[in-house]
Structure formats: structure tokens, C-alpha cells
Amino acid sequence: MTRPIDDLITVRDYLRYAASRFSAAGLYYGHGTDNVWDEAVLLVMRSLHLPLENNALFLDARLTRDERQLILERVDRRVNERRPVAYLIGEAWFMGLPFQVDERVLVPRSPISELLEARLQPWLSDHPVARVLDLCTGSGCIGIAAATVFPEAEVDLADISEDALAVAEDNIELHELGDRVRTLRSDVMDQVSGRYDVILSNPPYVDAEDMADMPAEYHHEPRLGLEAGDDGLAIAHRILAGAAEHLNPGGLLVVEVGNSWHALDAAYPRLPFTWLDFENGGDGVFVLTREQLVSGLGNS
């Protein structure tokens, strides 16, 4: 009996094969793609170090046996282990930028990327950006993306996880930003000093009920980066309590809390949260100025 490695020869063959396997397996898509075809393209093309777009030239290219074996092994792992493709290929994309990722960090997928592409407008207005803090940074994708948007800014990437910070440091090196971007080990803000013009955060925000119901793919990600107590707000409360102290006048706080946004909104009736809409999907991201924080919480 023949095997797939003997019958499947070209890039096109493996794209079709991966899509068929994924469709039959009923996988969950939520780590950079949202459908079976894009998942297959991501796995096959990046396993071969080929571009994700404008790649028709390669579709009928024949693969070496080693290349075929690698793709088949990764397809099997995606199906049998429900492991996200980003972990299989060691790469994810955020705001059009590549990032190294593995099981030490969440797979980048925050809608904050869309906000950064708009340079935080209109909420930032003409406020200058000299310092940025990416809190609960994980892979460093949000802070590094911010460094590319604000090329004069110094950026701190803070996280409690030493493993996550090691990945973030690799990504700082990948993007050659070591002169402006640094890592900082901190439990939320306990090691943060000074003030920033922008604080960005995609902290853990999954509540206990959602954590129990998550598809298998999410259980490959570090729990430390996902779970945040019964209501999903354990870290968000701490960010709100400390942010004003570390923002310059006119500074901006941007935080993603996902499905926990209703609970957060109800918990702070005096805070005038602006909850953002995104063209490319995603919700549960709020914007507050320092002045709104001070007025709503009474801190300074």
C-alpha cells in the first residue's frame, strides 16, 4: 500500500492534503487563522520558508523527501495533538511582523495590532510618545510593534515570566531593536518605575468558566498567560489601580480584557471606558486617558 509521502509530490499536493486532513479532524482555528485553508497555507508554506502571499510560482514545485516528511509530521501533530500551527513552525505574525514563538508564550493575536497600525489615533491625538510600556508582554509582539510605529520611543516589555521574557529578548534581537527596547521582570507593575506616554497590555483575562470550556488548542498555551481568577479580572484590577501613577499627563492606557469586558465595565461605573470596535474582528479592548483614570478612581 502506498503512503502519502510517495503519492504527494508538489506544494499544491500538500496544501490540498493538509486542508483535507484539517477539515476532517474538525480543528479549532483561533491562533492566527480562522479557516481550514488559511491554516493549511500557513503550515505548508512556512514549513518550506516560502511566502504566504504571491506564492503561485511555487505551487507546482516538487518537494524533497525531507520536506515532505516534515510537512506530514506537522500535519499529524496539528491533527492528533491539536497543537497550534504557530508552535509547530515556531513563528507567528502580528501587525505584519514575524515573531518567534513557542509554548512559553501565547500565540500573538490581539486586536491591539489594528489600533497600533492607526498610531493610536484619534485617542492619542498630538501627544508625543517618548516612552511605551507593554505590560504582560509575552512574546513582546505588542511592544515591538509599538516600537516600529513610534521610532523615537523607548519601549519596556514587562512580564512576570522569565520564560516569556527570554522569548521577547529573542524577538528584540530579531527586529534589531536592542537600542530602544528592553525587557523587565515585573509582577504587573511592582518593578515598573517612572512614567510612560502609553501603556499597552494584553494581560491574562480568561475567567474560570471559559478556561474550563476552551478548545484543546488553547491548552498548549501557558496557563499563566490566560487565567485570571473566577471573573477574569484579577490582573485588570491591578493594572487600573497602578496605571495613573505610571502615565504622563495626557498619557494613554490601552488594555484588552476579552469576554470579561462586561464584568469590568460594571465594576467601575465611574470610569468612562471607551470600548473599541475593530474592522478585522476582536473586542474587549478599552482606552482611558490618565486624566480619566484619576477622575474615575481618585488616584494620582
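Criteria and cut-off values
- Residues numbered from 1 in each chain as written.
- Predicted model: local features only at pLDDT ≥ 70, side-chain atom pairs only at ≥ 80, totals over all residues.
- Heavy atoms only, no water.
- Axes fitted to C-alpha atoms, helices over the stretch in contact; angles between N-to-C directions.
- Helix = DSSP H or I, 4+ residues; strand = E, 2+ residues; numbered from the N terminus.
- Parallel < 35°, antiparallel > 145°, perpendicular 65-115°, else oblique.
- Left-handed = near helix turned anticlockwise from the far one by under 90°.
- Contact = heavy atoms within 4.5 Å.
- Buried < 20%, exposed > 50% of the residue type's maximum accessible area, 1.4 Å probe, protein only.
- Lys, Arg positive; Asp, Glu negative; His and termini not counted.
- Salt bridge = Lys/Arg side-chain N within 4 Å of Asp/Glu carboxyl O.
- 1 Å grid on protein atoms, 1.4 Å probe; cavity = no way out; pocket = protein on both sides within 12 Å on 5 of 7 lines; lining within 4 Å.
- Points joined across faces, edges and corners; volume = space filled by probe spheres on them.
- Nonpolar A, V, L, I, M, F, W, Y, C, P; charged D, E, K, R; others polar.
- Core = buried A, V, L, I, M, F, W, Y, C linked by side-chain atoms within 4.5 Å.
- Expected span 1.5 Å × (residues − 1).
- Phe/Tyr/Trp six-rings, centres within 6.5 Å; stacked < 30°, edge-to-face > 60°.
- Pairing = 2+ DSSP bridges.
- Right-handed = clockwise from strand over helix to strand, strands pointing away.

Turning to the packing of helix α2 (residues 11-25) against helix α4 (residues 65-81), a few remarks are in order. It is the contact of α2 with α4, at a shortest axis distance of 10 Å, that shows an interaxial angle of 15°. In terms of axis orientation, α2 runs roughly parallel to α4. Crossing of α2 over α4 shows right-handed handedness. Facing α2, whose interface residues are Tyr-14, Tyr-17, Ala-18, Arg-21, Phe-22 and Ala-25, α4 presents Arg-68, Ile-71, Leu-72, Val-75, Asp-76, Arg-78 and Val-79.

Structurally, Glu-114 is set in helix α6 (residues 112-117). It is Arg-109 that comes nearest to the buried, bridge-free Glu-114 among opposite-charge side chains, at 15 Å. Every residue in contact with Glu-114, bar those within four places of it in the chain, is listed here: Phe-278, Glu-279 and Asn-280.

Below, the discussion takes up empty space enclosed by the protein. Enumeration according to the criterion identifies one cavity of 30 Å³ or more in this entry. Taken together, Tyr-28, Tyr-29, Gly-30, His-31, Gly-32, Thr-33, Glu-39, Arg-78, Pro-84 and Val-85 form the lining of the largest cavity. Within the lining of the largest cavity, the residues separate by chemical class into four nonpolar, four polar and two charged.

What follows is about the nonpolar core. By size, the foremost hydrophobic cluster in this structure holds 34 residues, and its most contacted members are Leu-116, Leu-120, Val-132, Leu-200 and Val-254. Residue assignment for this core shows that the elements contributing at least two residues are β2 (97-100), α6, α7 (141-149), β4 (154-159), α8 (162-174), β6 (196-201), β7 (247-256) and β9 (285-289). It is α7 that provides the largest number of residues to this core, a total of seven residues. Look past the residues within four positions of Leu-120 in its chain and what remains in contact with it is Leu-115, Phe-150, Val-198, Leu-200 and Leu-252. Membership of the second largest hydrophobic core comes to 29 residues, among which are Leu-133, Leu-184, Ala-243 and Leu-293.

The subject of this paragraph is α2. The first and last C-alpha atoms of α2 sit 21 Å apart over 15 residues, in line with the 21 Å expected at 1.5 Å per residue. Next to the buried residues of α2 lie α1 (4-7), α3 (36-47) and α4. Where α2 terminates, the next one or two residues include Gly-26, which has phi positive at roughly 65°.

Turning our attention to the packing of aromatic side chains. Per the stated rule, a full pass over the model turns up seven aromatic pairs. The interplanar angle of 80° and the centroid separation of 6.4 Å between the aromatic rings of Tyr-268 and Phe-273 together place this pair among those described as edge-to-face. There is no split in this pair, since Tyr-268 and Phe-273 are both buried. Measuring from ring centre to ring centre gives 5.5 Å for Trp-275 and Phe-286, while their planes differ by 80°; the resulting arrangement is edge-to-face.

For Ala-158, the location among the structural elements is in strand β4. On a C-alpha basis, the gap between Ala-158 and Ser-201 in space is 9.6 Å, while along the polypeptide they are 43 residues apart. In contact with Ala-158, other than residues within four places in its own chain, are Leu-133, Asp-134, Leu-135, Cys-136, Thr-137, Leu-165, Leu-184 and Ser-186.

Sheet topology note: the β4/strand β5 (residues 181-185) ladder contains five bridges and is parallel. Along β5, the bridge assignment pairs Asp-156 with Arg-182. Crossover handedness for the path β4 to α8 to β5: right-handed.

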